[in-house]
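# Tertiary structure, described
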Amino acid sequence: MPASTETAEHGLYKKPVYRVSREDSEHPVILVCEHASSYIPDQLNALGLSPEAAKEHIAWDIGALKLAERLSKTLGATLISAAYSRLLIDLNRPLEAPDSIPPRSEIYDVPGNRELPESVRRYRQQTLFTPFHQRLDELIDARLAAGREVRIVAVHSFTPVYHGQPRRLEAGVLYARAATYAHGMLDGLAAHGLNVAANQPYEIDVLGDMTVPFHGDRRGIDAVLLEVRNDLLRTPEALESWTDYLAPLL
Ligand SMILES: [Zn+2]
């Protein structure tokens, strides 16, 4: 169905909504970075957030794209990453989730998402959400059609302080069905002395998550969501260390 042209946001999303690198990779892993970008078109005035809040972790996963790009380069693996902020629409939430287009995120109200007309909601769904997931579907389909093995690794980061509480966890591997794959990664990270845990700081929720349940578990494909604490992804050296830890485990 073509996107409606009768919305206040028509024509705002001019730049490509995702980027795919190393599409022709032979590596089984497809890296996914749904929260790669804090970009919100200027005309939306940062959805009413202060400039500082609009660059904070609520708008994107700080450091996640850099880590995903390094893993993609090291492994030679395909990476699909989003080009718009998750505050416009969250690519890792089903469309039915209440926080698909969040009116509030952690401690911040998001005024630009309040009382959004249904036509604008649909426009964001059709313009930002659907093309990303169709493209990821196509990448998976092409590999399965060629009889190739596929694994999905979504790369995310989490904030060191959440609702005022500091977090000691350094990384989490989140999964629902891919227990063996996930625990191999966790054991490998723990062997480096890292503070890691399964399904921390969040859990995979069929109603709250998109990539792992929809593209992975539903299709019988090993899929995990990696979360690294974002204060550990701030320097090239730190990114290099995480790449070295993770690449052999994927
Ligand atoms: Zn995330």
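Structure: above.
What counts and how
Residues numbered from 1 in each chain as written. Predicted model: local features only at pLDDT ≥ 70, side-chain atom pairs only at ≥ 80, totals over all residues. Heavy atoms only, no water. Buried < 20%, exposed > 50% of the residue type's maximum accessible area, 1.4 Å probe, protein only. Helix = DSSP H or I, 4+ residues; strand = E, 2+ residues; numbered from the N terminus. Pairing = 2+ DSSP bridges. Donors = N, O, S within 2.8 Å, 3.2 Å for Na, K, Ca; no water.

## Some points on the pairing of strand β6 (residues 151-158)
Counting buried residues along β6, 8 of its 8 residues qualify, which places the element largely inside the surrounding structure. Side chains R151, V153, V155 and S157 of β6 all project onto a buried face; the interleaved residues I152, A154, H156 and F158 project onto the opposite face, where all are buried too. Inspection of the sheet shows strand β2 (residues 29-33) paired to β6 by 4 bridges, in the parallel sense. Residue pairing in the sheet places L31 in a bridge with V153 of β6. Here β6 runs beside strand β11 (residues 222-229); their pairing, made up of 8 bridges, is parallel. When the sheet's bridge partners are listed, V155 is paired in β11 with L226.

## Some points on the coordination of the zinc ion
The coordination sphere of the zinc ion contains the protein donors H35 (ND1), D61 (OD) and H156 (ND1), at a distance range of 2.0 to 2.1 Å. Written as a sequence motif, the donor arrangement for the zinc ion is H-x25-D-x94-H. Of this pair, H35 sits in the loop between β2 and α1 (51-54) while D61 sits in the loop between α1 and α2 (64-75), placing them 26 residues apart in sequence. Each member of the pair, H35 as well as D61, carries the same accessibility label: buried.

## Considerations on the pairing of β11
The element β11 is extensively covered by neighbouring structure, given that 7 of its 8 residues are classed as buried. Bridge count between strand β9 (residues 171-174) and β11: 4 bridges; the pairing is antiparallel. Considered in β11, the bridge of L174 is made with L225.

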